[in-house]
Amino acid sequence: MIEDVGARLSFDRGAPGRRGVGVPRWDGEPAALPDAHLLRESVRLPEMSQNEIVRYYGALSRRNYSVDSGTYPLGSCTMKYNPKVDDLIASLPGFAEAHPLAPAEDVQGVLRVLFELQSHLGEITGLPAVALSPAAGAHGELAGMLIVKRALERRGELAQRRRVLVPDSAHGTNPATAAMAGFTVQELPSGPDGGVDLATLEAALGDDVAAFMVTLPNTLGLWERNIQRVVERVHAAGAFVYGDGANLNAIVGRMRFGDLGFDVVHLNPHKTFGTPHGGGGPGAGPVCARAELAPYLPAPVVVQEDGRYALVRPADTIGRMQQFHGSIGVLLRAYAYIRTLGCEGLRETSGNAVLNANYLRALMRDHYDLPYDRPVMHEVVFAGTRQRRRHNVRTYDIAKRLIDYGLHPPTVYFPLIVEEALMIEPTEAESRESIEMLAGAFIAIAEESERDPELLHDAPQTSPIGRMDEAEASRHPVIRWRPREA
Amino acid sequence: MIEDVGARLSFDRGAPGRRGVGVPRWDGEPAALPDAHLLRESVRLPEMSQNEIVRYYGALSRRNYSVDSGTYPLGSCTMKYNPKVDDLIASLPGFAEAHPLAPAEDVQGVLRVLFELQSHLGEITGLPAVALSPAAGAHGELAGMLIVKRALERRGELAQRRRVLVPDSAHGTNPATAAMAGFTVQELPSGPDGGVDLATLEAALGDDVAAFMVTLPNTLGLWERNIQRVVERVHAAGAFVYGDGANLNAIVGRMRFGDLGFDVVHLNPHKTFGTPHGGGGPGAGPVCARAELAPYLPAPVVVQEDGRYALVRPADTIGRMQQFHGSIGVLLRAYAYIRTLGCEGLRETSGNAVLNANYLRALMRDHYDLPYDRPVMHEVVFAGTRQRRRHNVRTYDIAKRLIDYGLHPPTVYFPLIVEEALMIEPTEAESRESIEMLAGAFIAIAEESERDPELLHDAPQTSPIGRMDEAEASRHPVIRWRPREA
Amino acid sequence: MQAFPYIPNTDADRAIMLERLGVASVDRLFEELPAEHRDPQINIPAALAEADLVRLLQERAAENVVDRPTFLGAGAYRRFVPAITPHLVSRSEFATSYTPYQPEISQGTLQAAFEYQSVVCELTGMDVSNTGMYDAASATAEACLLAVRVTRRRAVALLEPIHPNTVDVVRMYAFGGDVRVDTVRHATDVTAEHACVVVQQPDFLGTILDVEDASGAAHAAGALCIVVADPLALGLLRAPGDAGADLVTGEGRDLAGPVAFGGPSLGLFAAREPFLRQMPGRIVGRAQESHPPAGASPGAAPRTGYVLALQAREQFIRRERATSNFSTGQSLIATAFTITVQTLGPQGMRESAELCYQRAHDAARRIATLPGFAVVERGAWFQEFLVRAPMPPAALAMALADRGIIAGLDVSDRGEPEAREATMFCVTEAMSPAHVDALVQALSEIGARS
Amino acid sequence: MQAFPYIPNTDADRAIMLERLGVASVDRLFEELPAEHRDPQINIPAALAEADLVRLLQERAAENVVDRPTFLGAGAYRRFVPAITPHLVSRSEFATSYTPYQPEISQGTLQAAFEYQSVVCELTGMDVSNTGMYDAASATAEACLLAVRVTRRRAVALLEPIHPNTVDVVRMYAFGGDVRVDTVRHATDVTAEHACVVVQQPDFLGTILDVEDASGAAHAAGALCIVVADPLALGLLRAPGDAGADLVTGEGRDLAGPVAFGGPSLGLFAAREPFLRQMPGRIVGRAQESHPPAGASPGAAPRTGYVLALQAREQFIRRERATSNFSTGQSLIATAFTITVQTLGPQGMRESAELCYQRAHDAARRIATLPGFAVVERGAWFQEFLVRAPMPPAALAMALADRGIIAGLDVSDRGEPEAREATMFCVTEAMSPAHVDALVQALSEIGARS
Ligand SMILES: Cc1ncc(COP(=O)(O)O)c(C=O)c1O
Ligand SMILES: Cc1ncc(COP(=O)(O)O)c(C=O)c1O
């Protein structure tokens with residue numbers, strides 16, 4: 001009897017003539033409008049009273065699971081707690097109302113924060129040349145790979161070095177970014193321990209290789225045991241080591257990319273530094289590089305001289321990533337997060353993230369297959385292979401069934417190299433009890449898959465809507481409202 | 001499988017040593033603490049991390065129905081839309097951070113708003129002597145009745161006039177307030193049309209009567225057709241007319257208490273002026289009186305002289321209603337609301353509130369009994385008598401069943417003079433469709449009560465929790481957490 | 001007709017509805033109202049669009065000066081409130097619901113209120129609490145009326161120094177109840193005529209009292225002991241319930257949010273068990289499901305929830321015989337208070353109280369060393385201290401105002417000898433240390449020039 | 001170990017967990033990491049308690065001057081955003097969820113995104129939209145790459161005057177894609193080498209263009225026409241889709257919230273239907289339930305919902321052959337944008353756009369009457385106009401700064417003749433009329449003194 005919210009968009013609500021808000025009337029002398037051929041009649045939009053809009057979007061919100069509603073162990077997403085004080089800080093009028101083109105003397109406060117954030121990220125990564133302007137992880141990757149490209153260009157090697165090596169366990173953004181940066185991508189199969197296989201790497205290296213892109217820890221949640229040798233070999237071949245630092249939560253405060261010899265990394269503050277993910281952004285993607293690469297950083301960067309801060313364009317910059325200076329609201333939150341925890345708190349973060357993942361692994365290991373049976377870092381990848389083989393239950397079904405336990409499913413079918421993958425990242429923000437609860441739900445579901453696999457096939461049952469026909473939505477895409485008669 | 005939230009209070013969550021927030025360390029020279037016998041060991045409180053607290057209170061919030069979730073037609077409560085811009089205004093630091101004892105020159109902005117609000121309420125009620133400090137409707141009533149008491153005292157009639165007349169349809173706060181003000185209460189039975197019966201009133205009047213308290217429109221949602229004669233008779237008997245103005249939404253912009261001869265009224269901004277009710281407050285209860293009663297107003301009131309605003313203590317004030325100046329945050333919202341609508345918008349408010357109530361009455365009238373079959377003002381009172389008699393379904397069951405329709409039940413069993421009362425106040429904030437939806441649900445339930453009364457007896461079925469055993473909760477009250485072992 | 005964003009019906013909607021009613025116009029629905037007074041001229045400004053409204057009120061807000069260092073306390077204290085408190089209570093599910101008459105869809109409000117009652121009992125050391133009252137002063141007045149009811153005595157005693165506005169409010173309620181109000185200098189002045197003695201902790205001039213002295217004297221006279229306590233101070237100080245208090249009230253506003261020019265406020269009200277059914281206000285009790293929904297937990301035990309309890313005390317049932325006329329209270333502020341206190345937790349409440357104590361004592365110590373200035377000695381104190389300057393308090397306030405600082409409260413008009421010529425400064429855990437530095441600097445300059 | 005509020009595990013928790021793992025300490029879990037680099041010295045300041053953090057950042061925020069009248073625009077416009085927009089998007093259900101990979105529990109995000117796509121299509125007059133990109137400039141760059149893909153041409157043309165930062169961003173992406181970027185003065189300069197022409201509407205110097213001129217020229221050369229449009233202006237101006245645009249981008253930030261020093265932003269990205277499967281970014285599609293929950297609606301039709309659609313274009317499936325590397329986007333900003341536009345509605349969008357137009361034209365008219373000042377004539381314009389003062393732009397900016405006013409943008413370094421010696425002032429619907437008065441007053445004083 002409760003309304004089927006999905007069937008009625010805002011465009012199907014309200015009534016002609018309703019208003020959501022009043023607009024001040026212009027009561028001065030009216031200027032003539034431009035010629036009619038430059039103008040439109042009106043925009044076709046819903047007409048709702050404010051109450052209707054508030055209820056509609058409130059109802060939508062209640063159809064969402066979120067970190068604030070419960071455990072959200074989506075692997076590779078680091079869905080940790082998002083501090084509310086950081087939201088409050090980002091909304092202070094002094095920050096929120098600052099115009100991006102304001103004279104530097106009017107925006108010293110925000111510039112100082114950004115400058116300090118550059119320096120903190122430089123410290124945290126061990127890579128001191130930092131630019132904050134990329135808008136997300138993938139955008140930071142693009143900036144990083146273009147820095148590599150520019151450096152090769154300046155070395156006169158760009159025409160020759162067009163190949164980028166990427167492990168097959170890499171996040172999809174890595175090969176996609178390498179391609180956007182104009183490189184050809186060669187995928188390297190992972191070794192039996194889930195890490196980079198040195199022999200494979202060596203075989204692939206050559207003087208046409210521009211860079212090796214590696215995620216650390218990798219997307220299996222594993223530490224690259226050969227990382228130092230990997231870096232050596234790549235450098236020896238004259239190529240760059242690009243680090244995907246999106247998994248920094250595993251090692252923050254304990255290990256620095258720069259110390260391991262990486263040339264460039266990007267970070268994901270919307271993962272490691274607790275900025276809210278917003279249902280798919282906004283994020284940010286700071287890029288950190290060795291000092292020698294500083295001239296190529298994307299513009300702008302913040303510099304300080306005699307206690308005054310200014311935005312500058314690096315000498316040989318690859319250009320701008322976006323129109324203005326970056327996701328300032330996200331960066332302010334990241335700064336606040338780092339200042340709240342300090343170095344000690346960041347170490348505790350990685351410590352507890354890794355402890356939670358290993359504890360979960362220990363609790364679940366008898367019930368699910370472990371394709372790589374090694375202690376893990378911040379996340380653990382199980383395989384639903386046993387359940388599929390024995391009970392015709394797929395990882396997809398297990399994921400949907402978790403919803404009925406009031407939990408968000410993990411990432412599934414990724415990394416691609418693990419069959420029926422269940423990639424679980426609990427983060428440090430979950431307590432021991434919530435790890436136990438999560439493991440308990442997984443174990444109960446493993447038992448259900450033996451006893452009553454239909455339960456899983458029909459899941460979820462308690463969600464606002466049932467399983468969706470996703471394939472059909474792509475076969476015959478309807479991606480916007482249209483009036484009923486049309 | 002989803003947690004039984006009610007069974008676990010915060011005190012049963014978390015773990016010893018967890019922190020919800022850090023507190024700055026005192027790193028100066030420490031002063032000695034007071035003697036040990038003045039100190040305590042520690043306070044027994046939950047120990048939770050911030051994530052746990054956010055999730056717990058978030059989960060609680062999701063167990064609440066609210067105006068922002070849907071139609072909330074609780075009679076006598078005027079549950080209208082609460083504008084979000086008014087919340088924003090009340091939280092502006094210039095208002096939120098002002099100290100109540102700050103020198104007047106530092107708080108001219110808020111004093112000006114309060115002064116203008118006094119004047120707007122004076123205009124709206126036609127009673128120009130206004131004090132804003134009462135904290136809620138009942139508090140405003142107390143202020144109003146003490147003004148009456150002080151006036152009688154100054155007239156030398158206090159010893160003689162100790163009786164207060166109250167119609168039997170009155171809101172419970174009216175007799176309770178008269179008693180708190182030291183008067184004895186005499187209840188007057190309502191006339192056959194639901195209004196004050198002139199003969200009954202005249203019989204009850206006498207030179208020992210201090211005041212007549214009347215709600216306008218009354219709690220049956222009806223206009224007092226004799227109101228002018230009522231006021232005349234009461235005044236002729238030397239008594240005061242006290243108006244409960246909590247139902248102002250019915251007549252705002254269209255009729256003024258002062259013009260009808262009332263002496264004192266209180267208003268409920270958390271009803272008429274859209275301030276959020278907060279699950280039971282905060283509210284405010286401005287009191288408005290004839291000019292001659294101004295010296296008795298509760299302290300403080302705001303005055304203006306030469307463009308400067310100041311808080312003053314009326315000459316012969318009844319005293320303070322609370323420690324400081326009132327529910328400023330609520331009053332700021334009320335001011336913003338009045339300024340948003342202006343006189344025209346306030347008239348539209350009452351117009352649509354009354355139209356909605358009458359439309360609802362028309363849609364439902366064939367399905368429920370109408371004890372007083374007259375056009376109504378802002379609310380309509382039906383009786384579930386037919387359903388009780390024929391199907392052993394009580395108003396209580398009807399109310400609970402509405403929950404399964406995604407709606408909030410109306411006020412039930414009030415006013416006391418209507419058997420099985422269903423008191424429904426839709427407000428102007430509901431649209432025609434939502435009135436139709438509400439009527440549709442009531443009608444469907446009337447049909448269910450014939451067809452399948454068990455559906456109603458077992459309702460609600462879709463709420464976060466089922467029907468509660470309320471009687472037992474009062475028989476053996478458990479009103480606080482205690483450790484399990486105790 | 002102009003469309004207002006808060007009123008959905010359009011002309012077309014109204015036409016349909018009026019047609020159904022057989023009424024020609026909306027105005028016709030008001031025909032019972034006396035024609036000669038209908039549709040009066042109401043002199044209020046024309047409607048404002050949201051953008052103009054916000055601009056106007058931003059201008060008004062800017063006319064308040066709130067960024068200067070200020071050392072006012074006296075019942076309204078700047079306190080640390082964590083960001084999650086406003087975040088959570090501004091959720092519209094809490095903010096836009098009514099008093100929880102329908103428990104099945106009001107468990108959020110009800111369970112939060114039960115948490116509040118539990119927290120208040122723990123802080124005060126009392127057995128029971130209601131869901132909160134308007135503010136500390138009105139709660140104290142209601143506590144006095146409770147004492148009057150249970151002792152059947154017609155006078156109450158207030159122990160000085162007590163906040164003058166509390167006295168004022170108690171007198172106002174007492175005027176209603178025809179009760180006499182005596183202010184007394186010593187707890188031992190309480191007599192068999194008094195229903196109770198009211199003690200403020202810390203007292204109005206900042207001193208920490210031994211509540212046992214007052215409760216002992218009150219009980220000896222057959223009176224109740226009511227303590228008006230500062231809830232942050234209770235992070236550090238002995239719970240009044242452990243020192244013989246019968247009723248405890250207090251002001252919860254400042255742990256719930258900003259001082260907000262003094263309101264909305266929150267009156268704590270806690271009592272010993274025997275007074276439970278005499279309490280004013282709403283009370284939430286634990287309850288069990290009587291009809292668990294069919295689908296929910298088949299065969300399982302009824303679930304636990306919360307309901308409004310002991311309503312037979314209240315105005316809407318007992319009418320003129322109710323314990324109070326109390327109806328709408330301060331629910332949202334109570335939830336905010338609860339969240340702050342629980343977020344601080346046992347450690348945080350202690351640390352915050354101690355930080356307040358230390359910052360205040362540090363400021364006092366530094367001021368005491370300034371030539372010409374003295375801090376009045378009067379035993380243990382919490383956050384407020386009395387300063388005598390080389391000039392009268394009014395002149396001191398002016399001199400500080402010239403330096404952009406709002407002084408403490410001039411208390412020189414009070415009767416107590418220690419208040420003579422004194423200004424009461426307040427320093428809390430939430431004040432900026434830089435503001436204290438500015439004060440000390442300003443005072444040292446003022447001292448040097450006088 | 002110090003307890004951090006964002007990390008629940010206590011020493012006791014860790015002890016239990018480590019025991020289960022048979023590991024002696026948390027540090028032991030990191031033993032695979034190279035010992036010589038483990039636990040480096042990291043030079044960042046010590047942890048701050050919340051109260052100190054807030055105070056620190058309030059100080060930083062106060063170091064930004066944001067209350068002066070300012071007439072900067074150039075891609076970041078102060079716009080009216082109704083209060084319900086931040087109210088709704090700050091609901092943690094929207095703010096703290098991930099990209100909606102699990103549609104059953106992400107309908108809120110998904111349906112809001114579908115609303116967004118619909119609104120963008122309506123505003124731009126295009127057939128399809130994605131869920132939004134980083135900002136206008138990067139969306140424009142991605143649009144250029146789309147044009148390169150579908151035309152298989154290796155150069156793009158940008159029509160001047162266009163925002164210089166847009167040029168910069170397009171060049172950056174073009175560096176990656178090995179694409180040539182030409183800036184052209186006339187649409188007719190587009191050749192068969194160009195994959196597209198990019199037109200800004202209104203153009204960088206504020207003028208309203210007839211998009212048909214550009215689309216006609218582009219199509220004649222076999223190139224696509226990409227329009228970068230101001231979405232508020234689209235409340236008034238002809239939809240680019242009706243004037244021949246193939247792709248429309250734009251900046252949504254300013255209708256979503258405050259300018260926020262330029263970000264986070266929101267890049268609108270809409271296209272004609274044939275380009276749907278070539279689009280970068282996420283796309284949400286309508287879907288039906290395949291397994292309705294048993295209890296929900298027995299026998300009833302499957303319900304409608306929303307899912308991520310056409311994912312085969314995306315990096316996590318197609319990897320190096322994806323249409324873009326796009327992953328995390330600007331979902332929350334897109335929802336805010338949608339709510340603002342829908343709250344304004346058709347009437348409000350028109351009125352807001354006209355108010356912007358009228359306020360700007362009024363300011364220009366008043367400035368044009370000041371002796372010594374001229375407003376450059378160049379056809380219809382929306383919110384930005386070029387002023388020549390009796391002094392060079394830099395001197396004008398200084399003179400205004402002395403009067404507490406931030407001037408418009410100095411555009412005198414640009415090539416266009418109309419920009420010579422000019423300052424570009426921007427006035428929007430959200431600017432305070434008092435600020436415009438102050439500007440006119442200041443300019444008249446400055447004019448009189450020069
Ligand atoms: C390992 C890894 N790399 C890259 C990315 C891409 O980051 P973004 O989504 O912010 O573009 C992610 C994001 O989830 C990631 O987990
Ligand atoms: C008619 C009437 N009078 C008085 C009151 C009491 O107001 P309050 O609850 O604000 O004390 C109410 C409140 O609901 C009411 O409806």
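Keep in mind it's a predicted model, so treat the numbers as computed, not measured.

Thresholds applied
Residues numbered from 1 in each chain as written. Chains lettered and ligands numbered in written order. Predicted model: local features only at pLDDT ≥ 70, side-chain atom pairs only at ≥ 80, totals over all residues. Heavy atoms only, no water. Helix = DSSP H or I, 4+ residues; strand = E, 2+ residues; numbered from the N terminus. Contact = heavy atoms within 4.5 Å. Areas by Shrake-Rupley, 256 points an atom, 1.4 Å probe, with all protein chains shown as cover. Lys, Arg positive; Asp, Glu negative; His and termini not counted. Charge placed at Lys NZ, Arg CZ, Asp CG, Glu CD. Near = heavy atom within 4 Å. Polar contact = N/O pair within 3.5 Å; in protein donor to acceptor, adjacent residues only side chain to side chain. Nonpolar A, V, L, I, M, F, W, Y, C, P; charged D, E, K, R; others polar. Buried area = accessible area lost by both parts, 1.4 Å probe. Salt bridge = Lys/Arg side-chain N within 4 Å of Asp/Glu carboxyl O. Buried < 20%, exposed > 50% of the residue type's maximum accessible area, 1.4 Å probe, protein only. Pairing = 2+ DSSP bridges. Axes fitted to C-alpha atoms, helices over the stretch in contact; angles between N-to-C directions. Parallel < 35°, antiparallel > 145°, perpendicular 65-115°, else oblique. Left-handed = near helix turned anticlockwise from the far one by under 90°. Domains from an automatic or database assignment. Core = buried A, V, L, I, M, F, W, Y, C linked by side-chain atoms within 4.5 Å. Right-handed = clockwise from strand over helix to strand, strands pointing away. Least-squares fit on C-alpha atoms with pLDDT ≥ 70 in both. Disulfide = S-S within 2.5 Å.

Novice: Would you take a moment to explain the overall build of chain C for this structure?
Specialist: The number of helices and strands found in chain C is 13 helices and 13 strands. Contacts in chain C between residues at least 24 apart in sequence constitute 72% of all its contacts with a sequence separation of at least 6. Accessible surface, chain C: about 13700 Å² in total, of which carbon and sulfur atoms supply 52%. With 38 positive and 53 negative side-chain charges, chain C shows a spacing of 3 Å between the two charge centroids.

Novice: For this particular structure, what's the right way to read the site of ligand 1?
Specialist: Near ligand 1 you find 16 residues, and of these S76, D244 and H270 of chain A together with S327 and T328 of chain D are the closest. Nearby residues around ligand 1 are contributed by chains A and D. Interatomic distance of 2.6 Å between a side-chain N/O atom of D244 of chain A and a nitrogen atom of ligand 1. K271 of chain A places a side-chain nitrogen or oxygen 2.8 Å from an oxygen atom of ligand 1. Coverage of ligand 1 by the protein amounts to 99% of the 390 Å² it exposes when considered alone. Of all the secondary-structure elements, those providing two or more residues to the shell around ligand 1 are α5 (137–155) and α9 (269–272) of chain A. Within the shell around ligand 1, the residues separate by chemical class into four nonpolar, nine polar and three charged.

Novice: Is there a simple way to explain the interface of chain A and chain D in this structure?
Specialist: Many analyses report the size of an interface as the accessible area lost when the parts associate. Each side of the interface is counted separately: chain A has 206 residues, and chain D has 187 residues. Of the roughly 17200 Å² buried between chain A and chain D on both sides combined, carbon and sulfur atoms contribute 61%. At the surface where chain A touches chain D, the tally comes to 19 salt bridges. We note a salt bridge from D106 of chain A to R68 of chain D, for which the minimum N-O separation is 2.6 Å. The tally of links from chain A across to chain D stands at 109 residue pairs in polar contact (both at pLDDT 80 or more).

Novice: Would you take a moment to explain the site of ligand 2 for this structure?
Specialist: Looking at ligand 2, there are 17 residues lining it, with S76, D244 and H270 of chain B together with S327 and T328 of chain C nearest. Those chains with residues close to ligand 2 are chains B and C. Within the side chain of S76 of chain B, one N or O atom sits 2.7 Å away from an oxygen atom of ligand 2. In the environment of ligand 2, an oxygen atom lies 3.2 Å from a nitrogen or oxygen atom belonging to the side chain of Y98 of chain C.

Novice: What exactly am I supposed to notice about the interface of chain C and chain D here?
Specialist: Across the boundary between the two partners, chain C contributes 18 residues, which contact 18 residues of chain D. Between chain C and chain D, a total of about 1100 Å² is buried, with carbon and sulfur atoms accounting for 41% of that surface. It is E50, R55 and R91 of chain C that lose the most area in chain C upon contact with chain D, and together they represent 42% of the buried surface on that side. Here chain C and chain D share two salt bridges between them. For R91 of chain D, the salt bridge identified is with E93 of chain C, shortest N-O distance 2.6 Å. Counting every contact that joins chain C to chain D gives seven residue pairs in polar contact (both at pLDDT 80 or more). Elements that contribute at least two residues to the side of chain C that touches chain D include exactly α2 (50–62) and α4 (92–95) of chain C. Element by element, the count of residues in the side of chain C that touches chain D is highest for α2 of chain C, at four residues. For the side of chain C that touches chain D, the residue count by class is eight nonpolar, four polar and six charged.

Novice: Would you explain the environment of L205 of chain D in this entry?
Specialist: All names here are of chain D. Its place among the elements puts L205 in the loop between β4 (194–201) and α8 (211–220). Here L205 falls in the buried class, since its relative accessible area comes to 2%. In this structure, the C-alpha to C-alpha distance between L205 and G222, residues 17 residues apart in sequence, is 28 Å. With sequence-adjacent residues up to four places away left out, L205 is seen in contact with P161, R378, E384, L386, V411, R414, E416, E418, A419 and M424.

Novice: Explain the sheet that holds strand β12 (residues 409–410) of chain D to me, please; I cannot follow it from the model alone.
Specialist: Backbone hydrogen bonds are what pair the strands of a sheet, in a parallel or an antiparallel way. Residue and element names in this part refer to chain D. Strands sit in the order β10-β11-β13-β12 across an open sheet of four strands; the sheet is antiparallel. This sheet does not close on itself; its edge strands, each paired only once, are β10 (374–375) and β12. Pairing of strand β11 (residues 384–388) with strand β13 (residues 423–426), which is carried by four bridges, proceeds in the antiparallel orientation. In the strand pairing of β13, L386 is matched with M424. Where helix α11 (residues 331–368) meets the sheet, it contacts β10 and β11, and its direction lies at approximately 10 degrees from that of β11. The strands that helix α12 (residues 393–402) touches are β12 and β13; relative to β13, the one it contacts most, it runs at about 45 degrees.

Novice: Would you take a moment to explain the packing of helix α5 (residues 107–124) of chain D against α11 of chain D for this structure?
Specialist: When two helices pack together, their arrangement is captured by the angle between the axes and the distance separating the axes. Residues and elements named next belong to chain D. Closest axis-to-axis distance for the α5/α11 pair is 9 Å, and the angle between their directions is 50 degrees. On the basis of their axis angle, the class for α5 and α11 is oblique. When you trace α5 past α11, the crossing you get is left-handed. Contacts between α5 and α11 involve T109, A112, E115, Y116, V119, V120 and L123 from the first element and S331, A334, T335, F337, T338, V341, Q342 and M349 from the second. Class assignment for the residues of the contact of α5 with α11 results in nine nonpolar, five polar and one charged.

Novice: When you look at the domain arrangement of chain A in this model, what are you seeing that I'm missing?
Specialist: All names here are of chain A. One can read the domain layout of chain A as domain 1 (84–341) and domain 2 (343–472). Distance from the C-alpha centre of domain 1 to the C-alpha centre of domain 2: 29 Å. Counting residues at the interface gives 29 residues for domain 1, matched by 24 residues for domain 2. Both faces combined, the contact of domain 1 with domain 2 buries some 2200 Å², and carbon together with sulfur accounts for 60% of it.

Novice: Would you mind going over the environment of P240 of chain C with me for this structure?
Specialist: All names here are of chain C. Mapped onto the elements of the fold, P240 is located in the loop between β5 (224–229) and β6 (247–251). Here P240 falls in the buried class, since its relative accessible area comes to 1%. Once residues lying within four places of it in the same chain are set aside, the contact partners of P240 are L123, T124, V227, A229, L234, A245 and V248.

Novice: How should I be thinking about the nonpolar core in this particular structure?
Specialist: Soluble globular proteins: nonpolar side chains tend toward being buried together. The biggest cluster of nonpolar side chains holds 204 residues, and the ones touching the most others in it are L201, F262 and F273 of chain A together with F337 of chain C. Ranked by residues supplied to this core, first place goes to helix α10 (residues 328–364) of chain A with 19 residues. If we skip the residues at most four places from it in the chain, F262 of chain A touches L127, V214, L216, I227, V231, V241, Y242, G243, F257 and R290 of chain A. Residues L248 and V265 of chain B together with A112 and V341 of chain D belong to the second largest nonpolar core, which totals 203 residues.

Novice: Sorry if this is basic, but what is going on with the pairing of strand β4 (residues 194–201) of chain C here?
Specialist: On a regular strand, one side chain projects to one face of the sheet and the next to the other, so that they alternate. Residues and elements named next belong to chain C. Within β4, eight of the eight residues are buried, which leaves the element mostly enclosed by the surrounding structure. Here strand β2 (residues 155–159) runs beside β4; their pairing, made up of three bridges, is parallel. Of the residues in β4, the one forming a bridge with A157 is V197. Taking the sense of rotation as the criterion, the β-α-β connection linking β4, helix α8 (residues 211–220) and β5 turns out right-handed.

Novice: Any chance you could explain the environment of R152 of chain C here in plain terms?
Specialist: One can find R152 of chain C in the loop between α6 (136–151) and β2. Sequence spacing of R152 of chain C and L53 of chain C is 99 residues, and the spatial spacing of their C-alpha atoms is 53 Å.

Novice: Help me out: how do you make sense of the relation of the copies chain C and chain D in this one?
Specialist: One copy of the chain maps onto the other through a rotation about an axis plus a displacement along that axis. With an RMSD of 0.0 Å, chain C superimposes on chain D once it is rotated by 180 degrees and translated 0.0 Å along the axis. The transformation just described matches what one would write down for a two-fold rotation axis. Judged by C-alpha distance, R91 of chain C is the residue of chain C that lies nearest the rotation axis, at 3.7 Å. A shared interface surface links the copies, since 100% of the contact residues of chain C are contact residues in chain D too.

Novice: In this structure, what is going on with the state of the cysteines? I would like to understand it.
Specialist: Note on terminology: disulfide describes a covalent bond linking the sulfur atoms of two cysteines. Residue and element names in this part refer to chain C. Considering all chains together, one arrives at zero disulfides over all chains under this definition. Looking at C144, it has no disulfide partner, and the nearest cysteine sulfur is the one in C196, 4.0 Å off. Judged by its relative accessible area of 3%, C144 falls in the buried class.

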